[in-house]
Amino acid sequence: FGSPLQMPRLGFVGSPLVRAAGSRVGSAGRVVGRRGGDWGARAVVRMASARITVVPVPVLSDNYAYLIVDKEKRVAAAVDPAQPAKLLSAASEQGVSITTVLTTHKHLDHSGGNEEMATIVPNLTVVGGVNDSIPAVTKTVTHGDKLDFAGTEVRVLSTPCHTQGHVCYYLDGHVFTGDTLFIGGCGRFFEGSATEMHKALVEVLGSLPSETKVWCGHEYTRKNLEFCASIEPENPAVKAKRDWANATEQTIPSTIGDEKSFNVFMRVAAPELQAAIGITEPVAAMAELRKRKDCF
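Thresholds, definitions, all that
- Residues numbered from 1 in each chain as written.
- Predicted model: local features only at pLDDT ≥ 70, side-chain atom pairs only at ≥ 80, totals over all residues.
- Heavy atoms only, no water.
- Buried < 20%, exposed > 50% of the residue type's maximum accessible area, 1.4 Å probe, protein only.
- Helix = DSSP H or I, 4+ residues; strand = E, 2+ residues; numbered from the N terminus.
- Pairing = 2+ DSSP bridges.
- Right-handed = clockwise from strand over helix to strand, strands pointing away.
- pLDDT = per-residue confidence, 0-100.
- Contact = heavy atoms within 4.5 Å.
- Axes fitted to C-alpha atoms, helices over the stretch in contact; angles between N-to-C directions.
- Parallel < 35°, antiparallel > 145°, perpendicular 65-115°, else oblique.
- Left-handed = near helix turned anticlockwise from the far one by under 90°.
- Lys, Arg positive; Asp, Glu negative; His and termini not counted.
- Salt bridge = Lys/Arg side-chain N within 4 Å of Asp/Glu carboxyl O.
- Polar contact = N/O pair within 3.5 Å; in protein donor to acceptor, adjacent residues only side chain to side chain.
- Core = buried A, V, L, I, M, F, W, Y, C linked by side-chain atoms within 4.5 Å.

(A) Expanded view of the pairing of strand S7 (residues 75-79). Among the 5 residues that make up S7, 5 are buried, leaving the element largely enclosed by the rest of the structure. The alternating pattern of S7 places Val75, Ala77 and Val79 and Ala76 and Ala78 on opposite faces, both of which are buried. Here strand S6 (residues 63-70) pairs with S7 via 5 bridges, running antiparallel. Bridge pairing links aspartate 70 to valine 75 in S7. In this structure, the hairpin formed by S6 and S7 is closed by a connection of 4 residues, where arginine 74 is found at a positive phi of approximately 60°. Bridging between S7 and strand S8 (residues 97-102) involves 5 bridges; their strand directions are parallel. What sits directly across from alanine 78, in S8, is valine 101. Handedness of the S7-helix H1 (residues 84-94)-S8 crossover: right-handed.

(B) Just the sheet that holds strand S12 (residues 152-158), in detail. Reading across the sheet, the 6 strands line up as S11-S12-S13-S14-S17-S18 and stay open at both edges, with mixed pairing between neighbours. Sheet topology places strand S11 (146-149) and strand S18 (254-255) at the edges, where each strand pairs with a single neighbour.

(C) Representation of the confidence of the model for the protein chain in the model. Mean pLDDT for the protein chain: 86, with 82% of residues reaching 70 or above. Confidence drops under a pLDDT of 50 for residues 46-50, and excluding neighbours within four residues, the segment shows 18 contacts in the predicted structure.

(D) How the structure looks around unusual backbone geometry. Omega for the peptide link from isoleucine 252 to proline 253 comes to -10°, which places this bond in the cis form. Looking at the secondary structure, you find proline 253 in the loop between helix H6 (236-246) and S18. Within the chain, arginine 74 stands out as a residue other than glycine whose phi angle is a positive 60°. Topologically, arginine 74 is positioned in the loop between S6 and S7. The residue aspartate 172 is not glycine, and still its phi comes out positive at about 45°.

(E) Layout of the packing of helix H5 (residues 221-231) against helix H9 (residues 282-294). It is the contact of H5 with H9, at a shortest axis distance of 11 Å, that shows an interaxial angle of 120°. One finds that H5 runs oblique with respect to H9. The handedness of the crossing between H5 and H9 is right-handed. For the pair H5 and H9, the contacting residues are Asn224, Phe227 and Ile231 in the first and Leu289, Arg292 and Lys293 in the second.

(F) Region of the structure containing the side chain of aspartate 132. Relative to the elements of secondary structure, aspartate 132 occurs in the loop between strand S9 (125-129) and strand S10 (139-141). Lacking a salt bridge, the buried aspartate 132 has lysine 106 as its closest oppositely charged neighbour, with an N-O distance of 4.3 Å. Reaching out from aspartate 132, the side chain makes a polar contact with the backbone nitrogen of lysine 106 at a distance of 2.9 Å. A distance of 3.1 Å separates the side chain of aspartate 132 from the backbone nitrogen of glycine 165, its partner in a polar contact. Setting aside residues up to four positions removed in sequence, aspartate 132 forms contacts with His105, Lys106, Thr163, Gln164, Gly165 and His166.

(G) Highlighting the nonpolar core. Counting residues in each nonpolar core, the largest one holds 59 residues, and the members touching the most others are Leu147, Tyr169, Leu201, Leu205 and Leu289. Judged by nonpolar contacts, the second largest core, of 20 residues, contains Val59, Ala65, Ala90 and Leu124.

(H) A look at the pattern of salt bridges. Summed over all chains, the structure comprises 7 salt bridges. Its salt-bridge partner being glutamate 191, residue lysine 106 comes within 2.9 Å of it at the nearest N-O pair. Taken together, the residues span a long stretch of sequence, with lysine 106 in the loop between S8 and helix H2 (108-111) and glutamate 191 in the loop between strand S16 (185-186) and helix H4 (194-204) at a distance of 85 residues. By relative accessible area, which is 28% here, lysine 106 ends up partly exposed. You can call glutamate 191 partly exposed: its relative accessible area is 32%. Across the salt bridge formed by lysine 223 and glutamate 226, the nearest N and O atoms sit 3.9 Å from each other. Linking lysine 223 with glutamate 226, this pair stays in helix H5, spanning 3 residues, or about one helical turn. Residue class for lysine 223 comes out partly exposed when judged on its relative accessible area of 42%. Here the salt bridges share partners, and the residues they tie into one network are Arg188, Arg290 and Asp294.

This is the structure in structure tokens:
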């Protein structure tokens, strides 16, 4: 693969148009269908600027890693590269060098490739949450920190609950959510509480613009939407999204606005959702939904 170019860090420019090799494109720029290979095909998501691409890279059994590419500067950032060889191969195909790793949290299906990546790529910057003991980390971050990628600001959003050091990364209309927010669901409360997940989903991520693209850490969509339908069977947004997802193998990206319409964990203040579960206090509703989902 060769040594990385020491260049400015990558940033997004403009709004996205989605394209996937071997795929057709559904409404709202979502990838429909896939090529063969492993658990999912790698989709190339082209931005308004021809030099910027986002490449979701399926890894392990159902994880998503991401490669964020600036072809003009020939650099890339890798998000949660659990299988470095796959990310390095994707970078080679794009003709770029990985300079940075953005780690959402410490679980090995997200951070387990960091040490190998740091061994392969000299002078690699590895970013991770300050409270999460990220392998090979060179820069720890917390809520409100700002990073620069090729002149574009990256905001760090602290979302503790799944792990106490979990962070999300927001830049120019895109958010990488790891195991905090999934399409139609959220992560388990392994190290936190319903209060923390409510803040993470409703106050932090929910405050992002509605059109923000959501790039999550796992392909759990169909099962998540099955649960949403069990809670709100008459919600037309749940039905429409479920019908679409059942015909689709790669369901990324979603948007924050769409999640608010069908993801029950982001709807804990909605009267319809509260009536469905018989709880009117949002944090208590979050706790009840997580309890039900854990047994679903």
